[in-house]
Amino acid sequence: MMFDKNLMRKPRSSLVIFIIAKAILETLFVIFLVVSFHYRTFYSRFDGRIDEANGRRVAGWMIAEAEPSKPVEMQLYINDEFAASSIADRPRRSAANVELAQEGAHKFAFDVPPLAAGNYEARVYVVHESGGDDRRTLQALPQPARFRVDAERSEASELNGGFVIKATE
Amino acid sequence: MRTTTGDAQREDSAEAVSSPRWLAACEIMSLVASVVVAEWVVLPFTQRGAELAVAGMVPVCAALALMLFSRQAQGETWRELGLRFDNFWQAARLLLPAMIVASLLMLALGFLLPKFQFGAPRVRQTPVWLFVWGIGWGFLQQFMLQGFVNRRAQMLFGKGVGSIVVVALVFGLLHLPNPWLMVVTFCGGLLWAFVYQRAPNLLALALSHSVMTWILIATIPDTLLRGLRVGYNYY
């Protein structure tokens, strides 16, 4: 294989060192970007709890630790399927939870769509926006809630043309 | 005394490791790595705006630093790289026939394609865009591609088909995943690498790059070119 001898000059060890240093710095740069991205996108900054869950309604409270006063979009998933979305924008003002109210807790409540009889698991997620609204991730509140819809009451409600379903926790 | 077999083997090994061919390959890979970081890592992992601009400068500056440091270390002069006027017309004469043929082909292709549309999108008709794209960007790409990659490819494979194809492949692959742009840049890479090896003049190549880019975006529908976006930005 012929190569151009005019272009080949005495190799410089400084160039080798430069290339190695550049590779290390670029690797660190990429790691920094990825870690920073992961922290901002997936690190949970929300706390909260589901206080009530039944066939009609799922409700509770949440705190956005970074921006407590900002209304936050929330989504309800029942048995891992999207059920409803809501905005948590009402301050939680209850005598029993003065401390939470002072910390910026907001109430949320979802109207549950009609459900057939059976056991259900409700999970509530906070919609977390990052990257200048380019990215949206769902961050789950710590504990899911389980509830059961009674079969007889469900059938009776449907016969009556409505979906007033008796639920038991 | 340093004539033992072990010493000789160590010297051979050191020679092999520090050979310019090995180094030239590493230089090309290092430059490609910087561009890949800029195209595929910075955009998805940063926030648009100032953060993106600052983070985007890191691989760009790293690539420029590599090219400048390498030039210094290899003892290359600016004239050798192609910053000169004496061979401008020689390079232009080599470029013009191929440019005319390519322009006619693009024009014909443009007529055949569905939803044919002449003229660049409005954002590309602004004076700032014309200046930045037409002069600065074309020159920067040719400086990187010919003044650096082509010269290192010649260290690896010598003048001729091998090094020309390497340059075209690097240029085409850096435009992933835009299929139209990959084809066009591969063909352009072949032409510009060929001309550079016969008449190294970056100014003529930058001018050719700008003109061909303009003809490309004026003839081929933007729905196919996807705004000339590459890397993660393509999606």
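Residues numbered from 1 in each chain as written. Chains lettered and ligands numbered in written order. Predicted model: local features only at pLDDT ≥ 70, side-chain atom pairs only at ≥ 80, totals over all residues. Heavy atoms only, no water.

K.L.:
Describe the interface of chain A and chain B, listing the residues and the values that go with them.
P.N.:
Across the boundary between the two partners, chain A contributes 26 residues, which contact 41 residues of chain B. Between chain A and chain B, the buried area comes to about 2,900 Å², and carbon and sulfur atoms account for 67% of it. Seen at the junction of chain A and chain B, the total is 1 salt bridge. Taken together, the connections running from chain A to chain B amount to 5 residue pairs in polar contact (both at pLDDT 80 or more). In terms of residue count, the dominant contributor to the side of chain A that touches chain B is helix α1 (residues 13-42) of chain A (13 residues). Considered class by class, the residues forming the side of chain A that touches chain B number 15 nonpolar, 3 polar and 8 charged. (Contact = heavy atoms within 4.5 Å. Buried area = accessible area lost by both parts, 1.4 Å probe. Salt bridge = Lys/Arg side-chain N within 4 Å of Asp/Glu carboxyl O. Polar contact = N/O pair within 3.5 Å; in protein donor to acceptor, adjacent residues only side chain to side chain. Helix = DSSP H or I, 4+ residues; strand = E, 2+ residues; numbered from the N terminus. Nonpolar A, V, L, I, M, F, W, Y, C, P; charged D, E, K, R; others polar.)

K.L.:
Tell me about the nonpolar core, and please be specific about residues and values.
P.N.:
Leu31, Leu95, Val149, Leu205 and Leu216 of chain B are the most contacted members of the largest nonpolar core, which totals 49 residues. At 8 residues, helix α6 (residues 127-157) of chain B tops the list of elements feeding residues into this core. Residues within four places of Leu31 of chain B in sequence aside, it is in contact with Lys22 of chain A together with Ala63, Leu66, Met67, Met144, Phe148 and Val149 of chain B. With 24 residues, the next largest nonpolar core counts Ile50, Val72, Val112 and Val126 of chain A among its residues. (Core = buried A, V, L, I, M, F, W, Y, C linked by side-chain atoms within 4.5 Å. Buried < 20%, exposed > 50% of the residue type's maximum accessible area, 1.4 Å probe, protein only.)

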